[in-house]
Amino acid sequence: MADPTGWRPPSTLPEIAFAGRSNVGKSSLLNRLVGHGKLARVSSTPGRTREVNFFRINDAFVIADLPGYGYARVAKSQRAAWRPLIEGYLERSPTLRGVVLLIDARREPTDDDLAMTGYLAELGAPTLVAITKADKLKPREAAARGVAIARALRIDEEQVVTTSANTGSGRDELAEAIEALLSAEPWRVG
Ligand SMILES: Nc1nc2c(ncn2[C@@H]2O[C@H](COP(=O)(O)OP(=O)(O)OP(=O)(O)O)[C@@H](O)[C@H]2O)c(=O)[nH]1
Ligand SMILES: [Mg+2]
């Protein structure tokens, strides 16, 4: 899906979206989650994913990999482009069961992250926070970052999972949390 009102696959299966700033590790964590290293394209060039990409998993549910937001070095005309597209996606996803918001363990949440959590809270969409790249910190530091980030975003600590796409830590916990979202009562009526 490339435009807020453009084509998107029909919403037949329940859907989970991965959101977060550019380069936070969305595509990498998605690949780790499903155990398929090359499903979503990973790039060291931030801002690589500019569309919403849909991945059907086991014919059971769909993960939507959203374009990363907030990368300053993309062309000015592209910089604010994420917002209409992400909002258009969220508005046009009747089977959406929840959003996984990714935050880099080493960084403070940005204004864009806060805008995103605010928007999701307003919408009422169940939200998990996945702390990414935990391998770059000592385990105890990573846990402390999770607590601080939850507080900054006003997200319940219970909804935070600390992960590393590189080592696979937190993968099972994330899978369980996503399963819980998929089996919960839909928050949104078709
Ligand atoms: N050390 C470490 N690096 C990671 C991890 N996950 C991703 N990376 C690196 O971070 C960079 C960005 O990863 P992507 O998965 O492409 O990030 P993205 O959020 O999909 O980026 P966009 O599509 O541009 O928004 C790549 O160089 C990855 O190798 C991780 O768990 N640990
Ligand atoms: Mg990506």
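Structure first, text after, so check above.
Residues numbered from 1 in each chain as written. Chains lettered and ligands numbered in written order. Predicted model: local features only at pLDDT ≥ 70, side-chain atom pairs only at ≥ 80, totals over all residues.

Caption draft 1: Here's a closer look at the overall build of the protein chain. Regarding its fold elements, the protein chain presents six helices and six strands. In summary, the protein chain has a C-alpha radius of gyration of 15 Å against a globular reference of 16 Å for 190 residues, a match within 12%. Principal-axis analysis of the C-alpha atoms gives the protein chain an extent of 45 × 40 × 35 Å. Relative to its full complement of 190 residues, the protein chain shows a buried share of 41%. (Helix = DSSP H or I, 4+ residues; strand = E, 2+ residues; numbered from the N terminus. Rg over C-alpha atoms; globule rule 2.2 N^0.38 Å. Buried ≥ 20, exposed ≤ 12 C-beta atoms within 10 Å, placed from the backbone.)

Caption draft 2: Geometry of the sheet that holds strand S1 (residues 15-20). The strand order across the open sheet formed by six strands is S2-S3-S1-S4-S5-S6, and the pairing between neighbours is mixed. Looking at the sheet topology across the chains shown, the edges are occupied by strand S2 (53-57) and strand S6 (160-162). The average angle at which neighbouring strand axes cross in this sheet is 25°, direction not considered. Looking at chain direction, S1 and strand S3 (residues 61-65) are connected through four bridges and run parallel. Among the inter-strand pairings, Ala17 is bridged to a residue of S3, identified as Ala64. (Pairing = 2+ DSSP bridges. Axes fitted to C-alpha atoms, helices over the stretch in contact; angles between N-to-C directions.)

Caption draft 3: Fine view of the pairing of S3. Of all five residues in S3, four are buried, a share of seventy percent or more. As paired strands, S2 and S3 are joined by five bridges and run antiparallel to one another. Each bridged residue has a counterpart across the sheet, and for Asn53 the counterpart in S3 is Asp65. Remark: three residues form the turn of the hairpin made by S2 and S3, two consecutive strands paired antiparallel; Asn58 in that turn has positive phi of roughly 50°.

Caption draft 4: Spotlight on helix H6 (residues 171-183). Relative to the 18 Å expected for 13 residues at 1.5 Å per residue, H6 spans 18 Å between its end C-alpha atoms, a close match to the ideal helical length. Looking only at H6, the buried set comprises Ala177, Ile178 and Leu181. Buried positions in H6, seen along its axis, are confined to an arc of 100° and lie on one side of it. H6 presents Asp172, Glu176, Glu179 and Ser183 as exposed residues on the side facing more than 90 degrees away from its buried surface. Contacts from the buried residues of H6 go to S1, strand S4 (96-104), strand S5 (127-132) and S6. (Expected span 1.5 Å × (residues − 1). Arc of directions from axis to C-beta. Contact = placed C-beta atoms within 7 Å.)

Caption draft 5: Focus on helix H5 (residues 139-153). A rise of 1.5 Å per residue sets the reference length of H5, with its 15 residues, at 21 Å; its end C-alpha atoms lie 21 Å apart and thus fit the reference within 8%. Among the structural elements, S4, helix H4 (111-123), S5 and S6 are those in contact with the buried residues of H5.

Caption draft 6: Quick peek at the pairing of S5. Of all the six residues making up S5, six are buried; the element is thus mostly covered by neighbouring parts of the structure. Of the two faces of S5, the one carrying Thr127, Val129 and Ile131 and the one carrying Leu128, Ala130 and Thr132 are both buried. Judged from the six bridges that link them, S4 and S5 form a sheet pairing that is parallel. Looking at the pairing, Val100 lines up with Leu128 of S5. Crossover connection from S4 via H4 to parallel S5: handedness right-handed. Relative to S6, S5 runs parallel, the two sharing three bridges. Note on S6: the bridge partner recorded for Ile131 is Thr162. Tracing the backbone out of S5, into H5 and back to the parallel element S6 gives a crossover that is right-handed. (Right-handed = clockwise from strand over helix to strand, strands pointing away.)

Caption draft 7: Up close: the nonpolar core. Of all hydrophobic cores here, the largest spans 44 residues; its most connected members are Phe18, Val129 and Ile131. Take this core: its biggest share by element is six residues, from S4. (Core = buried A, V, L, I, M, F, W, Y, C linked by C-beta atoms within 7 Å.)

Caption draft 8: Broad picture of the environment of Ala130. Looking at where Ala130 falls in the secondary structure, it is placed in strand S5. Considering only alpha carbons, one finds Ala130 and Leu101, 29 residues apart in sequence, at a separation of 6.1 Å. Apart from the residues lying within four places of it in its own chain, the contact partners of Ala130 are Leu29, Val100, Leu102, Val161, Thr163 and Leu174.

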